[in-house]
Amino acid sequence: MVVHRLLKYGDISNIANELRHFSLELLHEKFRFSVYGLFDIDYTLITTVTGVVCTYLIILYQLMGSKSNSTESPNTSIVEGLN
C-alpha cells in the first residue's frame, strides 16, 4: 500500500521504477514465518496444536471423572462396612 502511494505522488522516474519493481517483487513473493528455521508457522501448525490441546483436555476430563468415581466407591464401601 505504501509503495503504491509513493508511486502515485513520486515524480522522480528512477525512484518510481525501483518502487514499481519492488512492488512487483512483494506481490509475487511467498512469505514464510518460521521459528529459527525449524518449522513454519502456518495454518497447519495452528490446526495441529488445536487438535492436540483438545485431545489432551478430553483425556484429562475423562481421567478426572474416573478418578472421582473410583475414590467415591471405596469410601462408601468402607463407611457401609463400619455401619
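Residues numbered from 1 in each chain as written. Predicted model: local features only at pLDDT ≥ 70, side-chain atom pairs only at ≥ 80, totals over all residues. Heavy atoms only, no water.

**So, the overall build of the protein**
Put simply, the test is: Strands here mean DSSP runs of E at least two residues long; helices mean DSSP runs of H or I at least four residues long; both are numbered from the N terminus. Here the Shrake-Rupley method, with its probe set to 1.4 Å, supplies the accessible areas, and only the displayed protein chains count as covering residues.
The secondary structure content of the protein amounts to 3 helices and 0 strands. Each helix and strand of the protein, ordered N terminal to C terminal, gives the series α-α-α. Roughly 8000 Å² of accessible area belongs to the protein as shown, and the carbon and sulfur atoms make up 65% of that amount.

**Considerations on unusual backbone geometry**
We apply this condition: The buried label applies to any residue whose accessible area, calculated with a 1.4 Å probe on protein chains only, is under 20% of its type's maximum; exposed applies above 50%, and partly exposed to all values in between.
You will see that Tyr36, though not glycine, has its phi angle at about 50°, which is positive. Considering the arrangement of structural elements, one finds Tyr36 in the loop between α2 (13-28) and α3 (43-82). Owing to a relative accessible area of 81%, Tyr36 belongs among the exposed residues under this scheme.

**A short note on the pattern of salt bridges**
Side-chain pairing between opposite charges can occur once the charged atoms of the two side chains come close. This is how the line gets drawn: Here, a salt bridge means any Lys or Arg side-chain nitrogen found within 4 Å of an Asp or Glu carboxyl oxygen.
Taken as a whole and judged by the stated rule, the model has 1 salt bridge. Taking the shortest distance from any N to any O, the salt bridge between Asp40 and Arg32 comes out at 3.1 Å.

**Some words on a nonpolar patch on the surface**
The criterion, for reference: Exposure above 30% relative accessible area and no salt bridge define the residues that can form patches, which grow by joining like charges within 9 Å and nonpolar side chains of Val, Leu, Ile, Met, Phe, Trp and Tyr within 5 Å.
Together, Phe22, Leu26, Phe31, Phe33, Tyr36, Leu38, Phe39 and Ile41 line one region of the surface with nonpolar side chains, adding up to about 980 Å² of accessible area. Inspection of the secondary structure assignment puts Leu26 in helix α2.

**Some thoughts on the confidence of the model for the protein**
Let me state the cut-off plainly: Every residue is assigned a pLDDT by the predictor, reflecting its confidence on a scale from 0 to 100.
On average, residues of the protein carry a pLDDT of 76, and 66% of them reach 70 or more. Per-element confidence in the protein ranges from a low mean pLDDT of 63 for helix α1 (residues 2-9) to a high of 80 for α2.

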